[in-house]
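Residue strings, one per chain:
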Amino acid sequence: MAQDRPLLDPSPRPPPAPLLPEPPIRLDPAARSARVDRISFVADTPVPRRGSRADSDRLAASQRELSDDDARLVYINDPSRTNERFEFAGNSIRTGKYSVLTFLPRNLFEQFHRVAYIYFLVIAVLNQLPQLAVFGRGASVLPLAFVLLVTAVKDAYEDWRRHRSDRIENGRTASVLAGAGAGGRQFQPVRWKDIRVGEIIRIAANESIPCDMVLLFTSDPTGVAYVQTINLDGESNLKTRYAKQETLSKSVDMEGFTGFIRCERPNRNIYGFHANMEIDGRKVSLGPPNIVLRGCEIKNTAWAVGVAVYAGTETKVMLNSSGAPSKRSRLETHMNRETLLLSGLLITLCLVVCVLAGVWLRNHKDELDYSPYFRKRASPDDDSSYNYYGIGMQIFFTLLMSVIVFQIMIPISLYISMELVRLGQAYFMIRDASLYDEASNSRFQCRALNINEDLGQIKYVFSDKTGTLTENKMEFQCASINGVDYSGGKASLPGDGEAYSVVVGDQFWRPKLLVKTDPQLVRLLRSGGERGEGMRAREFFLALAACNTIVPLTVETPDPKRKLIDYQGESPDEVALVYAAAAYGFVLVERTSGHIVIDVLGERLRFDVLGLHEFDSDRKRMSVIIGCPDKTVKLFVKGADNSMFGVIERSINLDIIQATETHLHAYSSLGLRTLVIGMRELSRAEFDDWQSAYEKASTTLFGRGGLLRAVAANVECNLHILGASGIEDKLQQGVPEAIESLRQAGIKVWVLTGDKQETAISIGYSCKLLTSEMTQIVINSHSKDYCRKSLEDAIAMTDRLAAMSLGAQNTITGTESQRVPIALIIDGTSLVYILETELEEELFKVATACDVVLCCRVAPLQKAGIVALIKNRTDDMTLAIGDGANDVSMIQMADVGVGISGQEGRQAVMASDFAMGQFRFLVTLLLVHGHWNYQRMAYMILYNFYRNAVFVFMLFWYVLYTAFSLTTAITEWSSVLYSVIYTALPTIVVGILDKDLSRKTLLKYPQLYGSGQREERYNLKLFILTMMDTVWQSLAIFFIPFLAYRHSTIDGSSLGDIWTLAVVILVNIHLALDVFRWNWITHASMWGCIVATAICVIIIDSIPVLPGYWSIYHVMGTGLFWLLLLGITVAGMVPRFAMKAFTEYFMPSDIQIARELEKFGNLNEATASEIPMSTFSQPQQGFI
């Protein structure tokens, strides 16, 4: 692996010969804290393209003062004194939620957050009272106990895995300076959980860091260390960290090393650290480059020594270990509405029963003494009350008893069924080969199991551009140098033998990635000499090779005489530029904290790094001050065009500046990412002034960030323009086709990017987001008044275009083919004046009237604001997809968040609900799995309501014929097992496996996705129709056997067995009528449950101690019994079957048309015209 190779160390090194002595300058925390990311695409807003939230946090941290209340003191090499006053957290971690003692109470407390569980608990408690005991005490508790037990077992297993991981993590060892005696203190192995704040720890190469440590010294004499943060933020590129110059000299006397660190309290900001260290009476400032965090690994550094400042639960990685905000699916939210309606229906049934019971008691009050249900006296001579408490209390008891009897109107099994179905759906999504990304070897991830069905109802997709629509693999394409455009006449990609390489001893080293070069530019560099144009070209590529934080590593090849140079950096843009410089003969071969070595056209030169100002969100550029071999000091600066042209000297070379601006516009129009390069030579006085100001700012304890930015701004001025670069970020495979499919599915795709407007528009055309037929509305305003005027004009234009479209629609027989598509293009500066103001409503009107919205140069919080604009004002489902840290806010704001496993780390993935490798997978995810998940879950919820309502209504009819005494003919065990065993499994299987349409059909006709957007499968009308169907079916179940046996000697228990079997058969036949795709699992579950019900009824009636002993045998042997079961099934299903046939024949939905095409037509030969999709059809009028 490249990360495991040593740094290039060409020998012999050229002796340093700078004009000025090399000062002990290190990158100051605030100056280095902002990473060089997407320099060529920064927003006009004060937040950069990527990692901007971290950047702002880091800058804020450096400006913040550390008061005594906000600081902690860490005494170096003295953990006892460090923890003397405040006992800081130990290094033991615990991610488990429960202990043996707390598991039961805490788990039950969490489960009872579901109100339905409290409802069933109250029912079970009421049933324990003698006066209300409708069911046996054990049987009434069984359903709730079963659901709680299953969930508890699942939670216990997950927590056991967490505890096992904690034991492994806490048991790892690290070398800690400890011990005393003749040999003095030495590094000894100590378990991670026993490490304390203040202890000195030694980490070897490739070892993980056990806690957050401030570096004291490293194996590198300059104090540099390279760390890999993949376990922290998912980024595999190496980062450089530094020990302070003041601590390096102490490495020979670690035992006598004393001092203290005053740092901020533990916080979540992994990119920020604000502290100062006092050593030998001198205060030294500390920042993000001086701290290494728990979970990172030391790479390409033999060893590093640091002092623990945060341990255990106070480390930054642990403080960031909380998951993404919990989200609830739209179906589950709507289900609450139906649950309330069912609760109202339940209360109505109970009130009807208790009112009728009161009337019956009053009418028969003289007969209650000997009534078999009430018996006011145990015997004629016994005046004591036996089972009667007066009409008032009896009505109250009847109300409570009716609630107990009808309790399953609210299906408790639905909740656990939904969890199991979602788990099964997630399994098949993860195993889907079409969602597997071979390039990154990553499978689809389902990180949130509770919103699978929301994937089938998405109306808006908010997408990042770079790394989401594009590959985020930058390739240098062209350059403008000294006003000359080198973008034509590209040579072919050089072969291994033709690529530029450097000679190190008897070995040849060449860059790992090859870059196409311009032959004219190559000739200019090799023959230009010191003439003006050639000199500018050399300085241009020297700037590309020097002005960065790239780390060069070596990679072995099968040929021992050849090695590859692998450039590691945090920014793909920087890596591409360094590879480009190497291709033209400017090869970066070594980097330390004090110097770099560049092979310049075959001559190895050492440049002393005298100062470095990294990219930050205010300046939008970075700069490096280097001491050259010719004893000159030069400042190289690169940054975004809108930042650079403000600091370039325009009094000279105006024609070159204008030519460069023209070339930049051309590059942006081609979709290239652009960057401007400038330089100037510093005099001795200018360097001294800068060095003095820099040292003063870097040692300031308060407001350090602002001072360092001011120092950088003072030196980054009066620059001579060298040129500009163009980098291509290619579209991912299948993006144009994916966007077109989403558009046909009725999904609006909005792109929110930090790139320049010209670049974003060019990419928009490339990915077919924008088309030539679209009318573009562009809003680029720099004040609130201009924004208001632009929005008013935009509203007027959309209204005018809508009227034109309406006129065309009336002219051409109602078709919408003449509708004028509209695209809104707006920049981040305008959004500053619009979002969270009264102008939001105007923006909403314009944006929703447009087919496409393209937001350029937007900050992360503005992305979230755009999502909230739609989410808070409409009921439409939103999905956000991105790949970087700057997309986290947007992903968490949307109803569904999707992370791309790309080049920018795993921040987006860690915050997302679903994760995948390519944008094109979104089509399969939404149009196939989303459609299936919604259709299945919607049907399953309605079916569960129907299944339980049929049973309750059947019990209700029986109560009307038993003097409202709430006695039931169905045994208590059958009542309990009805939702758990008799009918639960088939609906779960159907919810996981059923497919209304094939994958091929759903992908060929994206319009079919609209059924989920229109909520055709689950809505209030369908719920009401379903409840009407349950009433009819319950009447058929109850009255057909009741009328058949009314004058017979068959007892109530035998009737109860018939009703039990009939209701189970009917609801399963109902389900079978709606199954689209049969397989052996569906057959086994459905018919198996009917057989299992019959077996359970037989077993229950064969137990002498249970009521209804031998009842089933009294009726099962007669032909009437079997005839009744058949008659109930036919009579109960006739209305449903008739309505289903009528609606599918006369009012077919899009899905029904497509299903008929699949069955009777040739899908491969069908054209769009053969299937007229009623895209704006109303929800289907019919039963579920």
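Residues numbered from 1 in each chain as written. Predicted model: local features only at pLDDT ≥ 70, side-chain atom pairs only at ≥ 80, totals over all residues. Heavy atoms only, no water.

As recorded by an unreviewed UniProt entry, the protein chain carries the name Phospholipid-transporting ATPase and is attributed to Phoenix dactylifera. Per UniProt, the protein chain has the following entry under Subcellular location (unreviewed entry): "Membrane". Recorded in UniProt for the protein chain, the comment headed Catalytic activity (unreviewed entry) runs: "ATP + H2O + phospholipidSide 1 = ADP + phosphate + phospholipidSide 2." (UniProt positions renumbered as here; feature names shortened; annotations may be inferred.)

Visitor: Explain the overall build of the protein chain to me, please; I cannot follow it from the model alone.
Guide: Each helix and strand counted, the protein chain has 38 helices and 35 strands in total. Within the protein chain, the proportion of its 1184 residues that are buried is 58%. Put simply, 76% of the contacts in the protein chain that link residues at least 6 apart link residues at least 24 apart. A total accessible area of about 46,900 Å² is found for the protein chain, and carbon and sulfur atoms account for 57% of it. (Helix = DSSP H or I, 4+ residues; strand = E, 2+ residues; numbered from the N terminus. Buried < 20%, exposed > 50% of the residue type's maximum accessible area, 1.4 Å probe, protein only. Contact = heavy atoms within 4.5 Å. Areas by Shrake-Rupley, 256 points an atom, 1.4 Å probe, with all protein chains shown as cover.)

Visitor: I tried to follow the side chain of Ser623 on my own but got confused; where do I start?
Guide: One can find Ser623 in strand β25 (residues 621-627). Among the residues examined, Ser623 registers a relative accessible area of 0% and is labelled buried. At 2.5 Å, the side chain of Ser623 and the side chain of Glu716 are in polar contact. Not counting the four nearest positions on each side in its chain, Ser623 is found in contact with Cys547, Leu612, His613, Leu635, Phe636, Val637 and Glu716. (Polar contact = N/O pair within 3.5 Å; in protein donor to acceptor, adjacent residues only side chain to side chain.)

Visitor: Looking at this model, I keep getting lost on the pairing of strand β6 (residues 224-228). Mind explaining?
Guide: Residues in a regular strand point their side chains to alternate faces of the sheet. Burial runs high along β6: five of the five residues are buried. Side chains of β6 alternate between two faces, with Val224, Tyr226 and Gln228 and Ala225 and Val227 buried alike. With five bridges connecting them, β6 and strand β7 (residues 238-242) associate as antiparallel partners. Across the sheet, residue Val224 finds its bridge partner in β7, namely Tyr242. Pairing geometry for β6 and strand β12 (residues 297-299), over three bridges, is antiparallel. Bridge assignment links Tyr226 to a residue of β12, and that residue is Lys299. (Pairing = 2+ DSSP bridges.)

Visitor: Could you clarify how one ought to interpret a nonpolar patch on the surface in this entry?
Guide: Judged by side-chain polarity, Val1091, Ile1095, Ile1099, Ile1103 and Val1105 come together as a nonpolar surface patch covering roughly 450 Å² of accessible area. Ile1095 sits in the partly exposed class, given a relative accessible area of 44%. (Patch = residues over 30% accessible without salt bridge, like charges linked within 9 Å, V, L, I, M, F, W, Y side chains within 5 Å. Salt bridge = Lys/Arg side-chain N within 4 Å of Asp/Glu carboxyl O.)

Visitor: Explanation requested: the pairing of strand β5 (residues 212-218) in the structure shown.
Guide: For β5, a buried count of seven out of seven residues is recorded, marking the element as mostly surrounded by other parts of the structure. Summarising the sheet, β5 and strand β13 (residues 303-310) pair through six bridges and their orientation is antiparallel. The residue bridging Asp212 from the neighbouring strand is Tyr310, located in β13. In this sheet, strand β11 (residues 291-292) lies alongside β5 in antiparallel orientation, the contact comprising two bridges. Counterpart to Met213 in the pairing with β11 is Val292.

Visitor: Can you help me understand the packing of aromatic side chains in this one?
Guide: When we look at a pair of aromatic rings, we describe it by the centre distance and by the angle of the planes. Under the criterion given, the structure shown has 37 aromatic pairs. A ring pair is formed by Phe953 and Trp957, whose centres lie 6.3 Å apart and whose planes are at 20°; its orientation type is stacked. One end of the pair is Phe953 and the other is Trp957, both in helix α28 (residues 921-959) and four residues apart, which spans about a single turn. When its relative accessible area of 7% is taken as the criterion, Phe953 is described as buried. A centroid spacing of 6.2 Å and a plane angle of 5° characterise the contact between Trp1078 and Trp1087, whose relative ring orientation is stacked. On the basis of relative accessibility, which here comes to 34%, the residue Trp1078 falls in the partly exposed class. Overall, Trp1087 belongs to the partly exposed group, its relative accessible area being 34%. The ring centre of Phe844 lies 6.0 Å from the NZ or CZ of Arg873, which sits over that ring. (Phe/Tyr/Trp six-rings, centres within 6.5 Å; stacked < 30°, edge-to-face > 60°. Lys NZ or Arg CZ within 6 Å of the ring centre and 35° of its normal.)

Visitor: Would you mind going over unusual backbone geometry with me for this structure?
Guide: Glycine aside, the phi torsion of most residues is negative, and most peptide linkages are trans. For Asn300, which is not glycine, the phi dihedral falls at a positive 55°. At Leu601, a residue that is not glycine, the phi angle is positive and equals roughly 50°. Tracing the sequence through the fold places Leu601 in the loop between β23 (595-600) and β24 (603-613). Judged by relative accessible area, which is 22%, Leu601 ranks as partly exposed.

Visitor: Got a minute to help me understand the pattern of salt bridges in this structure?
Guide: Opposite charge on two side chains lets them pair, provided their charged atoms get close. For the structure shown, the criterion picks out 42 salt bridges. Glu338 is the partner of Arg337 in a salt bridge, and the nearest nitrogen-oxygen pair spans 2.7 Å. The residue Glu539 makes a salt bridge to Lys634 at a minimum N-O spacing of 3.5 Å. Within this pair, whereas Glu539 is found in helix α14 (residues 532-546), its partner Lys634 is found in strand β26 (residues 633-639), the two being separated by 95 residues in sequence. A network of salt bridges, in which partner residues are shared, links Lys784, Asp785, Arg788 and Glu838.

Visitor: What am I meant to see in the confidence of the model for the protein chain here?
Guide: One rule of thumb: low pLDDT means the predicted coordinates there are not for detailed reading. Confidence in the prediction for the protein chain averages 82 pLDDT; 83% of positions are at 70 or higher. Taken element by element, the predicted model of the protein chain shows its lowest mean pLDDT in helix α1 (residues 29-33) (33) and its highest in strand β15 (residues 458-463) (95). Below a pLDDT of 50 lies the segment residues 1-65, which in the model reaches 240 contacts outside its immediate sequence neighbourhood of four places, other chains included. (pLDDT = per-residue confidence, 0-100.)

Visitor: How do you make sense of the packing of helix α12 (residues 413-430) against α28 when you look at a structure like this?
Guide: Between two packed helices, what matters for the description is the angle formed by their axes and the separation of those axes. For the pair α12 and α28, interaxial distance at closest approach is 11 Å and the crossing angle is 160°. The orientation of α12 with respect to α28, classified from their angle, is roughly antiparallel. The crossing of α12 and α28 is right-handed. Contacts between α12 and α28 involve Ser413, Leu414, Ser417, Met418, Val421, Arg422, Gln425, Phe428 and Met429 on the former and, on the latter, Leu925, His929, Asn933, Arg936, Met937, Met940, Ile941, Asn944, Phe945 and Arg947. (Axes fitted to C-alpha atoms, helices over the stretch in contact; angles between N-to-C directions. Parallel < 35°, antiparallel > 145°, perpendicular 65-115°, else oblique. Left-handed = near helix turned anticlockwise from the far one by under 90°.)

Visitor: So what exactly am I meant to see when it comes to the sheet that holds strand β1 (residues 71-75) here?
Guide: Two orientations exist for strands paired in a sheet by backbone hydrogen bonds: parallel and antiparallel. Spatially, four strands are ordered β1-β8-β9-β10 in an open sheet, and the strand pairing comes out antiparallel. Across the chains shown, the open sheet's two edge strands, defined by having one partner strand only, are β1 and β10 (282-286). The average angle at which neighbouring strand axes cross in this sheet is 20°, direction not considered. Bridge analysis of strand β9 (residues 275-279) against β10 gives five bridges, and the strand direction is antiparallel. Looking across to β10, one finds that Met277 is bridged to Val284.

Visitor: Would you take a moment to explain the nonpolar core for this structure?
Guide: For soluble globular proteins, nonpolar side chains are generally found buried alongside one another. In terms of nonpolar packing, the biggest core is built from 101 residues, with Phe406, Ile941, Phe945, Tyr1018, Ile1037, Trp1059 and Val1063 touching the most fellow members. For this core, the element with the highest residue contribution is α28, accounting for 21 residues. Those residues within four positions of Ile1037 in sequence are excluded, and the remaining contacts are Val950, Met954, Trp1059, Ala1062, Val1063, Leu1066 and Ile1128. Formed by 58 residues, the second largest nonpolar core is a distinct cluster that contains Ile481, Tyr486, Ala545 and Leu577. (Core = buried A, V, L, I, M, F, W, Y, C linked by side-chain atoms within 4.5 Å.)

Visitor: How should the side chain of Ser668 be read in this particular structure?
Guide: Tracing the chain through its elements places Ser668 in helix α17 (residues 654-669). With relative accessibility at 0%, the residue Ser668 sits in the buried group. With sequence-adjacent residues up to four places away left out, Ser668 is seen in contact with Thr674, Lys756, Glu758, Thr759 and Ser762.

Visitor: So what exactly am I meant to see when it comes to the UniProt feature "active site" (unreviewed entry) in the protein chain here?
Guide: The positions that UniProt labels "active site" (unreviewed entry) are, in the present scheme, Asp464. Looking at the element boundaries, Asp464 is found in the loop between β15 and β16 (470-481). Asp464 sits in the buried class, given a relative accessible area of 0%. A distance of 3.2 Å separates the side chain of Asp464 from the side chain of Lys863, its partner in a polar contact.

Visitor: Just checking my understanding: could you explain the sheet that holds strand β17 (residues 484-486) for this structure?
Guide: Strand order in the open sheet formed by nine strands is β17-β16-β28-β27-β26-β25-β24-β23-β22, and the pairing between neighbours is antiparallel. Since the sheet does not close on itself, it has two edges, and those belong to β17 and β22 (586-591), each with one partner. Each strand axis lies, on average, 30° off the axis of its neighbour in the sheet, ignoring direction. Here β16 runs beside strand β28 (residues 720-731); their pairing, made up of eight bridges, is antiparallel. Pairing of Met474 across the sheet is with Asp729, part of β28. Strands in contact with α17 are β16, β17, β27 (673-682) and β28; relative to β28, the strand with the most contacts, it is inclined by about 5°.

Visitor: What should I look at first to understand helix α34 (residues 1052-1074) in this one?
Guide: Taking 1.5 Å per residue, 23 residues should reach 33 Å; α34 reaches 33 Å between its end C-alpha atoms and fits that length. Within α34, 19 of the 23 residues are buried, which leaves the element mostly enclosed by the surrounding structure. (Expected span 1.5 Å × (residues − 1).)

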